[in-house]
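As a plain string of letters, each chain reads:
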Amino acid sequence: MSGANQVPCTLSQGHASPSRPNSSMNDPSFCTKLPCMVLDTFLSLLFDPNITSECDKQRWFAQPIHTKYNSLGGKPNFEERHCTWGLVQSHGGPCGVIAAIQAEIIRSLKIYEDIDKIVSPQEAEKALCDALGRILARCAVEPPVDSDRMSVSCNLSCVKVVTSDFGNDLSLSNFQSFGERLKTITVHSKLSTKPGTREEELQCLAEATADFLFQSGTIKVYGYPCGVILFLLSIVMTRGVETIQSDMDDPTNAHLTAQFGHSSQELMNLLLTGQASSNTFDNTVILGGGSLKCHGIQSQPDIGYLTQLEALRYCSVGSYYKSPKYPIWIIGSSSHFTVMFGSMDSLKECESEILLEKCRRAFKSIENAEENGFIPVDKLENTLKILNLDVGGAVQTLAAALEMSGAGIILWSDFWRVTSRLMTGATLESVLNTKVTEKTGNDETPLMITQFGESNNNAMESDEAMARRLAAEWGTDQIKKSDEEIARELQAQFESNHSTNGSSDEVQIIEVQQPNTAAVNKGNQSTPVEKSNPTRDMETICSSSFKLHHYNCLRGGELSTFSVTKLTPEEAVGMSVPLVPTNFDVQKSNGRIDDLESVVRTKYTSCRFDWGERHPPSLH
């Protein structure tokens, strides 16, 4: 929010009105009063009268939006100053909203790059404005998730900020009766011409909104009780009730809050993606022959989302939420929402993981998330097109080879074994017909694609043999030895030296150098990797460690740091892997399913945790 990008504003009757090209500053559309009917509609969308108690409503109306600087009331001490960017939650219920804003603050300040960053009061306030502006702009520019339900597009040009002159006096009891004292101020993008992309439009509108909130002092109003309510009302006014309801799978019965006043999944998706979809999986699933559409996440968001419900196998979180643009995630549980973030290293994925997720998404788009683990044979060509995989005129040949015993279906395991190898450079002939020569030099029978796995030694190429053959095909001169092979070599060298030296008590140090792998390139040319310390190489090969931080806005704000060591997965090309990851393991999570570790494992399926001397923080 530099000075060059600031939005000029004028003050009228105590309210700021941002300027707009070719518009009069006295245009009444800039600052309007909210009729009581609008407030009634808003409350009906927010709360379900059948399950929401008055106590639940009171907690929402009592929650302000402010950072630790505001709550501390003065200069923080040494221990507090390192996370004065953190929001503070005073009451249960609106934690989903607070967590989403907190995640955007971390993104704005780039705290994920420097956890020890010292943030001044003005920087914290500007970051809060930036966070609110980003969320509001996203709700304005994102199209309806289901265009078939909407005859009119949502507002793509402005944000509507709701403010009040109540201060501390605004509450649930007088919210509707004093609705005329609530004002809606319209903020337009700073660009006089339409931007080229939606991201550019989002960025420009977000900057204009953030500048307005900061310069006009409107952000101070959100620091009073009812701050969360005014912000949600701004979201609803910006996107429109009709558009929000069209995003939902059940527009009639869905609300923005759920039982006990918790944020619903529709509200969380609205805050994180700008669309109030009802699910966390990728894209849209069509069921019942097209009569039912279940909407999920339509594209990669800025902020991710992980939930305890997936650890409990109650829902499925797609790769869009698990791999966001920034290494920041909302952590959801049955009763609370918190924030987790780390460095960009926490988003890094190996090539096999990227390829696997790409194939999964293509397969499930044809399968329509039925999770049967198979697709019809006649849909194979469409699936290959999604992957941009061209096999020429051999689609029917491939389909015949993959078909399960004349049943007219193709299993995921067979599909992955073949497509993963085709997408990494192998020819169709080599996948189906080439004889494999093992290390012993014995010829094996041709590779046969079968859903029964390795039922005998001749029916399926072993993973080790396949890895060695792929290394040869890709131009890799050497392949990493397994721990078992290294151990056998060490034992053989030890026995050889021992027999040579006879009864000598002299201890000889045997230096074992790990083979240098070569970088694989599509042109079948390899570039040798520079030699380095063998021990360091093994550390790099075997694991990838990074730190993650968990922030809980309750109890004055608690920050926990822990280390994650992600074990490097075996190269998955040609191997059997599940279509739906089976992430949760009670033993790995110390028998608990209510702590952070169980949720983190839904993203990092094979990893070690180091909590220091602490226990994993609770999610509640």
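Residues numbered from 1 in each chain as written. Predicted model: local features only at pLDDT ≥ 70, side-chain atom pairs only at ≥ 80, totals over all residues. Heavy atoms only, no water.

1. Comments concerning the overall build of the chain
When helices and strands are tallied, the chain shows 21 helices and 17 strands. Across the 620 residues of the chain, 48% fall into the buried class. Once local pairs closer than 6 in sequence are excluded, the contacts in the chain between residues at least 24 apart make up 65%. Counting only carbon and sulfur atoms, one obtains 49% of the accessible surface of the chain, whose full area is about 29,500 Å². (Helix = DSSP H or I, 4+ residues; strand = E, 2+ residues; numbered from the N terminus. Buried < 20%, exposed > 50% of the residue type's maximum accessible area, 1.4 Å probe, protein only. Contact = heavy atoms within 4.5 Å. Areas by Shrake-Rupley, 256 points an atom, 1.4 Å probe, with all protein chains shown as cover.)

2. Some details on the pattern of salt bridges
Scanning the entire structure with this criterion turns up 17 salt bridges. In this structure, arginine 198 engages glutamate 142 in a salt bridge whose closest nitrogen and oxygen atoms are separated by 3.5 Å. Here arginine 198 is found in helix α6 (residues 198-216), whereas its partner glutamate 142 is found in the loop between α5 (121-141) and β4 (158-164), with 56 residues between them in sequence. Relative accessible area serves as the criterion here: at 44%, arginine 198 is assigned to the partly exposed category. In this structure, glutamate 597 engages arginine 601 in a salt bridge whose closest nitrogen and oxygen atoms are separated by 3.3 Å. No difference in accessibility class separates glutamate 597 from arginine 601, as the two residues are buried. It is possible to trace a salt-bridge network through shared partners that takes in Glu104, Arg107, Asp130, Arg134, Arg138, Glu199 and Asp302. (Salt bridge = Lys/Arg side-chain N within 4 Å of Asp/Glu carboxyl O.)

3. What about the pairing of strand β10 (residues 337-342)?
Counting buried positions over the 6 residues of β10 gives 6, a clear majority of the element. Alternating positions in β10 separate into two faces, Phe337, Val339 and Phe341 on one and Thr338, Met340 and Gly342 on the other, with burial throughout. Note: strand β9 (residues 328-332) against β10, 5 bridges, orientation antiparallel. Pairing of isoleucine 328 across the sheet is with phenylalanine 341, part of β10. In this antiparallel pair of consecutive strands, β9 and β10, the connection spans 4 residues. (Pairing = 2+ DSSP bridges.)

4. Here we look at the environment of arginine 198
Taking C-alpha positions, arginine 198 is 7.9 Å from glutamate 142, a pair spaced 56 residues apart along the chain. If sequence neighbours within four positions are ignored, arginine 198 has contacts with Val141, Glu142 and Pro143. Side chain to side chain, arginine 198 and glutamate 142 meet in a polar contact 3.5 Å long. (Polar contact = N/O pair within 3.5 Å; in protein donor to acceptor, adjacent residues only side chain to side chain.)

5. As for helix α10 (residues 265-273)
Judged by how many residues are buried, α10 sits mostly within the fold: 8 of 9 residues are covered. At the exit of α10 stands glycine 274, carrying a positive phi of roughly 85°.

6. Describing the packing of helix α4 (residues 95-109) against helix α8 (residues 227-239)
In contact at an axis separation of 11 Å, α4 and α8 are set at 75° when each is read in the N-to-C sense. Here α8 runs roughly perpendicular to α4, going by the angle between their axes. Contacts from Val97, Ile98 and Ile101 of α4 reach α8 at Val228, Phe231 and Leu232. Taken together, the residues of the contact of α4 with α8 sort by class into 6 nonpolar, no polar and no charged. (Axes fitted to C-alpha atoms, helices over the stretch in contact; angles between N-to-C directions. Parallel < 35°, antiparallel > 145°, perpendicular 65-115°, else oblique. Nonpolar A, V, L, I, M, F, W, Y, C, P; charged D, E, K, R; others polar.)

7. A look at the nonpolar core
Ranked by size, the top nonpolar core spans 91 residues in total, and within it Trp85, Ile101, Phe175, Phe231 and Ile330 carry the most contacts. Tallying contributions element by element places α5 first for this core, with 12 residues. Those residues within four positions of tryptophan 85 in sequence are excluded, and the remaining contacts are Thr67, Gln102, Ile105, Ile106, Leu109, Ile111, Ile115, Val119, Phe341, Tyr551 and Leu559. Core analysis: the next-biggest nonpolar cluster, separate from the first, contains 27 residues, Cys359, Val391, Leu398 and Val431 among them. (Core = buried A, V, L, I, M, F, W, Y, C linked by side-chain atoms within 4.5 Å.)

8. Topic: the packing of α8 against α10
Orientation of α8 relative to α10, taken along the N-to-C sense of each, is 75°, at an axis distance of 12 Å. Here α8 is positioned roughly perpendicular relative to α10, judged by the angle of their axes. For the pair formed by α8 and α10, the contact residues are Phe231, Leu232, Ile235 and Arg239 on the first element and Leu267, Leu270 and Leu271 on the second. Taken together, the residues of the contact of α8 with α10 sort by class into 6 nonpolar, no polar and 1 charged.

9. Comments concerning the environment of glutamate 125
On the secondary structure map, glutamate 125 appears in helix α5. Sequence spacing of glutamate 125 and phenylalanine 214 is 89 residues, and the spatial spacing of their C-alpha atoms is 7.7 Å.

10. Structural notes on the confidence of the model for the chain
Note that predicted coordinates carrying low pLDDT should not be read in detail. Averaged over all residues, the pLDDT of the chain is 75; the fraction at 70 or higher stands at 66%. When the criterion is pLDDT under 50, residues 498-543 qualifies, and its contacts beyond four places in sequence or with other chains add up to 44 contacts. For the stretch residues 583-591, pLDDT sits under 50, and the model shows 21 contacts to residues farther than four places along the chain or on other chains. (pLDDT = per-residue confidence, 0-100.)

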